[in-house]
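# Observations on the three-dimensional arrangement
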Amino acid sequence: MPSFLAYPLEMIPYVVVTLLIAFTIHEWAHALVALAFGDDTAKNQGRLSLNPLVHIDLFGLLMILIAGFGWAKPTPVNRFKLKKRRLGSILVTLAGPVSNLLLAMIGVGLYALFLNYAFFTYGSVTETFLMIFVQLNLVLFVFNLIPIPPLDGYQILVEFLPMSARAKLEPVERYAMLIFLVIALTPISNFTIQPIFDTVIPFVFDIILMIFGLSAF
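Residues numbered from 1 in each chain as written. Predicted model: local features only at pLDDT ≥ 70, side-chain atom pairs only at ≥ 80, totals over all residues. Heavy atoms only, no water.

Before going further, it helps to examine the layout of surface pockets. If a probe the size of a water molecule is rolled over the atoms, the empty space left behind becomes visible. Put simply, the largest pocket is a space of about 1000 Å³. Lining the largest pocket are 35 residues; nearest its centre among them are Arg79, Pro150, Leu151, Asp152 and Gln155. Looking at the lining of the largest pocket, the elements with two or more residues in it are helix H1 (12–36), helix H4 (85–116), helix H5 (125–144), helix H6 (152–159), helix H7 (163–173) and helix H8 (176–185). For the lining of the largest pocket, a count of residues per class yields 19 nonpolar, 8 polar and 8 charged. In terms of lining residues, the second largest pocket is bounded by 25 residues, among which Tyr7, Gly68, Leu136, Val139 and Phe197 are the most central. Elements with a contribution of two residues or more to the lining of the second largest pocket: H1, helix H3 (58–67), H5 and helix H9 (193–211). When residues in the lining of the second largest pocket are grouped by element, the largest group, 8 residues, is from H5. (1 Å grid on protein atoms, 1.4 Å probe; cavity = no way out; pocket = protein on both sides within 12 Å on 5 of 7 lines; lining within 4 Å. Points joined across faces, edges and corners; volume = space filled by probe spheres on them. Helix = DSSP H or I, 4+ residues; strand = E, 2+ residues; numbered from the N terminus. Nonpolar A, V, L, I, M, F, W, Y, C, P; charged D, E, K, R; others polar.)

The biggest cluster of nonpolar side chains holds 28 residues, and the ones touching the most others in it are Leu138, Phe143, Ile146, Phe180, Phe197 and Ile208. If you list the elements that add at least two residues to this core, you get H4, H5, H8 and H9. For Phe143, the residues in contact, after removing those within four places along its chain, are Leu151, Phe180, Ile193 and Phe197. (Core = buried A, V, L, I, M, F, W, Y, C linked by side-chain atoms within 4.5 Å. Buried < 20%, exposed > 50% of the residue type's maximum accessible area, 1.4 Å probe, protein only. Contact = heavy atoms within 4.5 Å.)

What follows concerns the UniProt feature "domain: Peptidase M50" (unreviewed entry) in the chain. Per the UniProt record, "domain: Peptidase M50" (unreviewed entry) is annotated on residues 126–185. Spanning residues 126–185, this segment combines 80% helix with 0% strand, and its end C-alpha atoms are found 32 Å apart. (UniProt positions renumbered as here; feature names shortened; annotations may be inferred.)

With that out of the way, let us pick up H8. Restricting attention to buried positions, one finds in H8 the residues Ala176, Phe180, Ile183 and Ala184. Down the axis of H8, the smallest arc covering the buried residues is 95 degrees, so these residues share one side. Exposed and oriented more than 90 degrees from the buried face of H8 are Leu178 and Leu185. Residues of H8 that are buried make contact with H5, H7 and H9. (Arc of directions from axis to C-beta.)

A few words on the UniProt feature "transmembrane region" (unreviewed entry) in the chain. If you check UniProt for "transmembrane region" (unreviewed entry), the listed places come out as residues 12–33, 53–72, 92–120, 132–154, 175–193 and 199–216 in our numbering. In this annotation, residues 92–120 is assigned 86% helix and 0% strand; the end-to-end C-alpha distance for the span is 37 Å. The distance from the first to the last C-alpha atom of residues 132–154 is 27 Å, and the span holds 70% helix and 0% strand.

On the surface, Ile106, Leu110, Leu113, Tyr117 and Phe119 cluster together into a nonpolar patch covering about 510 Å² of accessible area. Residue placement: Ile106 occurs in helix H4. By relative accessible area, Ile106 is classed as partly exposed at 48%. (Patch = residues over 30% accessible without salt bridge, like charges linked within 9 Å, V, L, I, M, F, W, Y side chains within 5 Å. Areas by Shrake-Rupley, 256 points an atom, 1.4 Å probe, with all protein chains shown as cover. Salt bridge = Lys/Arg side-chain N within 4 Å of Asp/Glu carboxyl O.)

What follows covers H5. For H5, spanning 20 residues, the distance from its first C-alpha to its last is 28 Å, which sits close to the expected 28 Å at 1.5 Å a residue. Most of H5 sits inside the fold, with 14 of its 20 residues counted as buried. (Expected span 1.5 Å × (residues − 1).)

With that out of the way, let us pick up the packing of H4 against H9. Relative orientation and spacing of two packed helices are given, respectively, by the angle between their axes and the distance between those axes. For the pair H4 and H9, the least separation of the axes is 10 Å and the interaxial angle reads 45 degrees. Taken together, H4 and H9 sit at an angle that is classed as oblique. Viewed along their axes, H4 and H9 form a crossing whose handedness is right-handed. The segment H4 lies against H9, with Leu101, Ala104, Met105 and Val108 engaging Val204, Phe205, Ile208, Leu209 and Ile211. When its residues are assigned to classes, the contact of H4 with H9 shows 9 nonpolar, no polar and no charged. (Axes fitted to C-alpha atoms, helices over the stretch in contact; angles between N-to-C directions. Parallel < 35°, antiparallel > 145°, perpendicular 65-115°, else oblique. Left-handed = near helix turned anticlockwise from the far one by under 90°.)

Another aspect to go through is the packing of aromatic side chains. Here the structure, examined in full by the defined rule, presents 5 aromatic pairs. Each ring, one from Phe129 and one from Phe133, has its centre 5.6 Å from the other, and the planes form 40 degrees; the classification is tilted. Taken together, the residues Phe129 and Phe133, both in helix H5 and 4 residues apart, mark about one turn of the helix. Look at Phe129 and you get partly exposed, because its relative accessible area is 22%. Put simply, the rings of Phe59, Trp71, Phe143, Phe180 and Phe197 touch in pairs and so form one group of aromatic residues. (Phe/Tyr/Trp six-rings, centres within 6.5 Å; stacked < 30°, edge-to-face > 60°.)

Quick look at the structure:
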């Protein structure tokens, strides 16, 4: 494996296809729920679309391949236009991560279906793709719910805070990307992000397997 890549070279096509789907559905879900609550900002900017080209940030995609984490173009949301502003804001924010959870469940469901009818063999292209598809969508689901800026989890946390606390956090939000990069790229991740991954992802995965009657994947 080239030392500058986060994934084995032969896995890159599977990872890229998965991310194109996962990022697109994630951002589209934000836009769809925002529109349902009265905010047409994303729609007017062409983001209520299943076209990956309007959602993918090329640098963010490359960062996933190189560093193991990255991002898509954030979906624009005008929270003052939302009906039931706090509830609408929370649901708009949740829509993205939940879409990745649903994609992971679809992937496991297809895996179970194909396994039951012997549509693929172990190690085949289809099986490899489904495994990566499920794994990366679970990572995106959990990762985006971590309450650090600029992730979705932070926005949800803010909605539950009093206005005085929000005001104190505004200066921090100016450095959101810097904070994110420091946490993600330094050994700090071993004590923050990684323990969450190590506990929550297997837990969620086991629940999904149980739903589909699988004991292993």
